[in-house]
Amino acid sequence: MTSGKVKDKMLKLKAPNNRWISGSILVIAIGLTIAMTLPSNFAGSSDPVVVADASLEVSVANKDIGAADLPIVETPAAAKLGAPGTEEKIQKFKAQAADLAAKEVARIAAEKEKKAAERRALRAKYTVNPARARISVGYGRRGRIWDLGWHTGIDFNGNYGDSVFAARVGRVIFTGWRPAYGRTIEVRHLDGVVTRYAHLSRIRVVAGQEVDVGERIGNIGASGKAFGAHLHFETLVNGNYKNPGIWLWGND
Ligand SMILES: [Zn+2]
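The sections below set out a description of the structure shown in this document. Quick caveat: nothing in here was measured; it's all calculated off a predicted structure. (Residues numbered from 1 in each chain as written. Predicted model: local features only at pLDDT ≥ 70, side-chain atom pairs only at ≥ 80, totals over all residues. Heavy atoms only, no water.)

**Notes on the nonpolar core**
Link 1 in the chain: If you look at the biggest cluster of nonpolar residues, it comprises 21 residues, and the most contacted ones within it are Phe156, Ile185, Tyr197, Ile217, Leu231 and Phe233.
Link 2 in the chain: At the level of elements, strand S2 (154–157), strand S5 (182–189), strand S6 (194–203), strand S8 (216–220), strand S9 (230–237) and helix H6 (244–249) are the ones that each hand at least two residues to this core. (Core = buried A, V, L, I, M, F, W, Y, C linked by side-chain atoms within 4.5 Å. Buried < 20%, exposed > 50% of the residue type's maximum accessible area, 1.4 Å probe, protein only. Helix = DSSP H or I, 4+ residues; strand = E, 2+ residues; numbered from the N terminus.)

Quick look at the structure:
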(Lines give C-alpha, C1' and ligand atoms only; values in the text may rest on other atoms or scores of the structure.)
Protein backbone atom coordinates (compact mmCIF):
# COMPACT_ATOMS: atom_id res chain seq x y z
CA MET A 1 0.00 0.00 0.00
CA THR A 2 1.39 3.43 0.95
CA SER A 3 4.03 2.06 3.29
CA GLY A 4 6.42 1.57 0.38
CA LYS A 5 6.20 5.22 -0.61
CA VAL A 6 6.71 6.35 2.97
CA LYS A 7 9.78 4.15 3.20
CA ASP A 8 11.16 5.75 0.03
CA LYS A 9 10.65 9.20 1.50
CA MET A 10 12.29 8.16 4.75
CA LEU A 11 15.27 6.92 2.82
CA LYS A 12 15.53 10.23 1.06
CA LEU A 13 15.31 12.05 4.39
CA LYS A 14 18.06 10.03 6.07
CA ALA A 15 20.73 11.94 7.85
CA PRO A 16 23.62 13.18 5.74
CA ASN A 17 26.74 11.05 6.00
CA ASN A 18 29.85 11.92 7.92
CA ARG A 19 31.54 13.09 4.78
CA TRP A 20 28.83 15.79 4.36
CA ILE A 21 29.32 16.92 7.98
CA SER A 22 33.07 17.11 7.59
CA GLY A 23 32.66 19.11 4.41
CA SER A 24 30.26 21.55 6.10
CA ILE A 25 32.55 22.09 9.04
CA LEU A 26 35.45 22.58 6.70
CA VAL A 27 33.51 25.29 4.86
CA ILE A 28 32.62 26.95 8.17
CA ALA A 29 36.18 26.69 9.38
CA ILE A 30 37.54 28.24 6.18
CA GLY A 31 34.98 31.01 6.41
CA LEU A 32 35.94 31.74 10.01
CA THR A 33 39.60 31.67 9.23
CA ILE A 34 39.15 34.18 6.42
CA ALA A 35 36.94 36.35 8.60
CA MET A 36 39.48 36.32 11.40
CA THR A 37 42.48 36.88 9.21
CA LEU A 38 41.13 39.73 7.07
CA PRO A 39 41.35 42.63 9.58
CA SER A 40 45.07 43.06 10.25
CA ASN A 41 44.38 44.93 13.50
CA PHE A 42 41.92 42.32 14.72
CA ALA A 43 42.93 42.54 18.39
CA GLY A 44 42.03 46.23 18.31
CA SER A 45 38.74 45.75 16.49
CA SER A 46 35.83 47.83 17.73
CA ASP A 47 33.47 44.89 17.31
CA PRO A 48 34.13 42.51 20.23
CA VAL A 49 31.00 40.44 19.56
CA VAL A 50 32.61 38.87 16.49
CA VAL A 51 35.64 37.90 18.57
CA ALA A 52 33.55 35.97 21.09
CA ASP A 53 31.51 34.09 18.47
CA ALA A 54 34.51 33.16 16.33
CA SER A 55 36.36 31.81 19.36
CA LEU A 56 33.48 29.49 20.22
CA GLU A 57 33.09 28.16 16.66
CA VAL A 58 36.79 27.43 16.28
CA SER A 59 36.94 25.48 19.54
CA VAL A 60 33.96 23.35 18.45
CA ALA A 61 35.54 22.64 15.09
CA ASN A 62 38.80 21.61 16.75
CA LYS A 63 37.05 19.26 19.12
CA ASP A 64 34.96 17.42 16.54
CA ILE A 65 37.51 17.00 13.80
CA GLY A 66 41.04 15.80 13.93
CA ALA A 67 43.63 18.46 13.39
CA ALA A 68 45.13 16.31 10.64
CA ASP A 69 41.89 16.47 8.63
CA LEU A 70 41.56 20.23 8.91
CA PRO A 71 44.95 21.76 9.42
CA ILE A 72 43.58 25.06 8.22
CA VAL A 73 41.81 25.59 11.57
CA GLU A 74 45.12 25.92 13.32
CA THR A 75 45.89 29.37 12.12
CA PRO A 76 47.72 32.26 13.72
CA ALA A 77 44.34 34.01 13.86
CA ALA A 78 43.17 31.53 16.50
CA ALA A 79 46.19 32.37 18.62
CA LYS A 80 45.46 36.07 18.15
CA LEU A 81 42.12 35.63 19.88
CA GLY A 82 43.88 35.11 23.19
CA ALA A 83 46.34 37.92 22.58
CA PRO A 84 47.19 39.87 25.73
CA GLY A 85 44.90 42.85 26.26
CA THR A 86 41.99 41.68 24.07
CA GLU A 87 39.67 40.90 26.99
CA GLU A 88 40.62 44.17 28.66
CA LYS A 89 39.73 46.05 25.47
CA ILE A 90 36.35 44.35 25.28
CA GLN A 91 35.64 45.21 28.92
CA LYS A 92 36.78 48.78 28.34
CA PHE A 93 34.49 49.07 25.32
CA LYS A 94 31.53 47.72 27.30
CA ALA A 95 32.27 50.08 30.19
CA GLN A 96 32.45 53.05 27.81
CA ALA A 97 29.12 52.07 26.22
CA ALA A 98 27.47 51.71 29.64
CA ASP A 99 28.93 55.03 30.75
CA LEU A 100 27.59 56.81 27.65
CA ALA A 101 24.13 55.30 28.16
CA ALA A 102 24.09 56.34 31.84
CA LYS A 103 25.15 59.88 30.96
CA GLU A 104 22.41 60.17 28.35
CA VAL A 105 19.77 58.94 30.81
CA ALA A 106 21.00 61.48 33.39
CA ARG A 107 21.00 64.30 30.83
CA ILE A 108 17.39 63.58 29.80
CA ALA A 109 16.31 63.42 33.47
CA ALA A 110 18.03 66.76 34.21
CA GLU A 111 16.38 68.37 31.18
CA LYS A 112 12.95 67.13 32.33
CA GLU A 113 13.51 68.39 35.87
CA LYS A 114 14.64 71.80 34.59
CA LYS A 115 11.47 72.19 32.51
CA ALA A 116 9.29 71.02 35.43
CA ALA A 117 10.99 73.58 37.71
CA GLU A 118 10.33 76.33 35.15
CA ARG A 119 6.67 75.34 34.98
CA ARG A 120 6.41 75.31 38.78
CA ALA A 121 8.06 78.76 38.98
CA LEU A 122 5.60 80.16 36.43
CA ARG A 123 2.67 78.52 38.15
CA ALA A 124 3.80 79.79 41.57
CA LYS A 125 3.28 83.37 40.35
CA TYR A 126 -0.13 82.66 38.89
CA THR A 127 -3.08 83.99 40.86
CA VAL A 128 -6.82 83.35 40.62
CA ASN A 129 -9.91 84.97 42.10
CA PRO A 130 -10.51 82.79 45.20
CA ALA A 131 -14.29 82.80 44.75
CA ARG A 132 -14.55 83.40 40.99
CA ALA A 133 -16.94 86.16 41.99
CA ARG A 134 -17.36 89.94 42.09
CA ILE A 135 -16.18 92.09 44.97
CA SER A 136 -19.01 93.24 47.25
CA VAL A 137 -16.95 95.16 49.85
CA GLY A 138 -13.46 96.48 49.16
CA TYR A 139 -10.38 96.66 51.37
CA GLY A 140 -10.02 99.53 53.87
CA ARG A 141 -13.63 100.64 54.05
CA ARG A 142 -14.43 102.24 57.42
CA GLY A 143 -17.39 101.15 59.52
CA ARG A 144 -18.40 100.22 63.01
CA ILE A 145 -19.57 96.77 61.91
CA TRP A 146 -15.88 95.71 61.80
CA ASP A 147 -14.01 95.04 65.03
CA LEU A 148 -11.05 97.23 64.00
CA GLY A 149 -13.32 99.94 62.58
CA TRP A 150 -12.28 99.18 59.02
CA HIS A 151 -12.47 96.26 56.55
CA THR A 152 -9.25 94.24 56.66
CA GLY A 153 -9.91 92.20 53.53
CA ILE A 154 -12.02 91.92 50.39
CA ASP A 155 -15.50 90.41 50.38
CA PHE A 156 -16.51 88.34 47.40
CA ASN A 157 -20.13 87.81 46.58
CA GLY A 158 -21.30 84.24 46.45
CA ASN A 159 -24.00 81.82 47.39
CA TYR A 160 -23.88 79.53 50.36
CA GLY A 161 -21.98 76.38 49.35
CA ASP A 162 -20.14 77.88 46.35
CA SER A 163 -16.54 76.68 45.98
CA VAL A 164 -13.59 78.59 47.42
CA PHE A 165 -10.23 78.22 45.67
CA ALA A 166 -6.60 78.62 46.71
CA ALA A 167 -5.56 81.94 45.15
CA ARG A 168 -2.03 80.68 44.50
CA VAL A 169 0.17 77.64 44.99
CA GLY A 170 0.94 77.30 48.71
CA ARG A 171 0.76 75.27 51.88
CA VAL A 172 -2.13 75.27 54.34
CA ILE A 173 -0.91 76.53 57.74
CA PHE A 174 -4.22 76.75 59.62
CA THR A 175 -7.73 75.38 59.45
CA GLY A 176 -10.39 75.87 62.09
CA TRP A 177 -12.49 78.40 63.95
CA ARG A 178 -11.37 81.96 64.60
CA PRO A 179 -13.53 84.48 66.51
CA ALA A 180 -15.43 86.77 64.11
CA TYR A 181 -13.89 84.95 61.07
CA GLY A 182 -15.76 81.69 61.77
CA ARG A 183 -14.50 78.66 59.81
CA THR A 184 -11.17 79.76 58.40
CA ILE A 185 -8.36 78.49 56.16
CA GLU A 186 -4.93 80.12 56.02
CA VAL A 187 -2.41 79.36 53.28
CA ARG A 188 1.23 80.47 53.15
CA HIS A 189 2.57 81.13 49.66
CA LEU A 190 6.11 81.00 48.29
CA ASP A 191 6.48 84.80 48.55
CA GLY A 192 5.71 84.62 52.29
CA VAL A 193 2.24 86.14 51.93
CA VAL A 194 -0.50 84.39 53.93
CA THR A 195 -4.00 84.32 52.50
CA ARG A 196 -7.00 83.94 54.81
CA TYR A 197 -10.39 82.57 53.70
CA ALA A 198 -13.15 83.26 56.24
CA HIS A 199 -16.84 82.67 57.05
CA LEU A 200 -16.67 79.26 55.32
CA SER A 201 -19.44 76.69 55.56
CA ARG A 202 -16.98 73.86 54.93
CA ILE A 203 -13.22 73.31 55.13
CA ARG A 204 -11.83 70.78 52.62
CA VAL A 205 -8.10 70.84 53.45
CA VAL A 206 -5.90 70.12 56.46
CA ALA A 207 -2.95 72.02 57.91
CA GLY A 208 0.32 71.05 56.24
CA GLN A 209 -1.32 70.21 52.94
CA GLU A 210 0.09 71.67 49.74
CA VAL A 211 -2.48 73.29 47.49
CA ASP A 212 -2.34 74.18 43.83
CA VAL A 213 -3.51 77.47 42.40
CA GLY A 214 -7.27 77.27 41.78
CA GLU A 215 -7.64 74.10 43.85
CA ARG A 216 -10.94 73.91 45.74
CA ILE A 217 -10.20 74.22 49.46
CA GLY A 218 -13.63 74.96 50.96
CA ASN A 219 -17.11 76.39 50.50
CA ILE A 220 -18.63 79.79 51.01
CA GLY A 221 -20.73 80.23 54.15
CA ALA A 222 -21.73 82.74 56.81
CA SER A 223 -19.93 81.33 59.86
CA GLY A 224 -18.59 83.77 62.47
CA LYS A 225 -19.58 87.41 62.35
CA ALA A 226 -21.14 87.58 58.91
CA PHE A 227 -24.31 89.07 57.54
CA GLY A 228 -25.19 86.66 54.77
CA ALA A 229 -23.03 84.24 52.83
CA HIS A 230 -19.83 85.62 51.27
CA LEU A 231 -16.08 84.99 51.20
CA HIS A 232 -13.96 87.32 53.32
CA PHE A 233 -10.45 87.18 51.85
CA GLU A 234 -7.34 88.67 53.46
CA THR A 235 -3.63 88.88 52.66
CA LEU A 236 -1.19 89.17 55.55
CA VAL A 237 2.54 89.97 55.43
CA ASN A 238 4.31 89.24 58.73
CA GLY A 239 0.89 89.37 60.40
CA ASN A 240 0.00 92.79 58.95
CA TYR A 241 -3.01 93.33 56.71
CA LYS A 242 -2.19 94.27 53.13
CA ASN A 243 -4.54 95.15 50.31
CA PRO A 244 -5.39 91.79 48.69
CA GLY A 245 -6.12 93.60 45.42
CA ILE A 246 -2.42 94.45 44.98
CA TRP A 247 -1.38 90.87 45.53
CA LEU A 248 -4.20 89.41 43.43
CA TRP A 249 -4.13 91.76 40.47
CA GLY A 250 -1.18 94.09 40.98
CA ASN A 251 -3.51 97.05 41.69
CA ASP A 252 -5.90 98.33 44.31
ZN1 LIG B 1 -15.16 90.96 54.93
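**A short note on the side chain of Ser201**
Link 1 in the chain: Its location among the elements puts Ser201 in strand S6.
Link 2 in the chain: Excluding residues that lie within four positions of it along the chain, Ser201 makes contacts with Tyr160, Gly161, Arg183, Asn219, Ile220 and Gly221. (Contact = heavy atoms within 4.5 Å.)

**Focus: the coordination of the zinc ion**
Link 1 in the chain: Protein coordination at the zinc ion comes from His151 (NE2), Asp155 (OD) and His232 (ND1), with a distance range of 1.9 to 2.1 Å.
Link 2 in the chain: Sequence positions of the donors to the zinc ion reduce to the motif H-x3-D-x76-H. Note on accessibility: His151 and Asp155 belong to one class, buried. (Donors = N, O, S within 2.8 Å, 3.2 Å for Na, K, Ca; no water.)

**Quick word on the pattern of salt bridges**
Link 1 in the chain: Applying the stated rule across the entire model yields ten salt bridges.
Link 2 in the chain: With its nearest N and O atoms 3.0 Å apart, the salt bridge here joins Glu104 to Arg107. With Glu104 and Arg107 both in helix H5 (residues 86–124), this residue pair falls three residues apart, about one helical turn.
Link 3 in the chain: Look at Glu104 and you get partly exposed, because its relative accessible area is 38%.
Link 4 in the chain: Looking at Arg107, the relative accessible area reads 46%, which means it is partly exposed.
Link 5 in the chain: Arg171 is paired through a salt bridge with Glu210; the nearest N and O atoms lie 2.7 Å apart. Of this pair, Arg171 sits in strand S4 (residues 170–178) while Glu210 sits in strand S7 (residues 210–211), placing them 39 residues apart in sequence. (Salt bridge = Lys/Arg side-chain N within 4 Å of Asp/Glu carboxyl O.)

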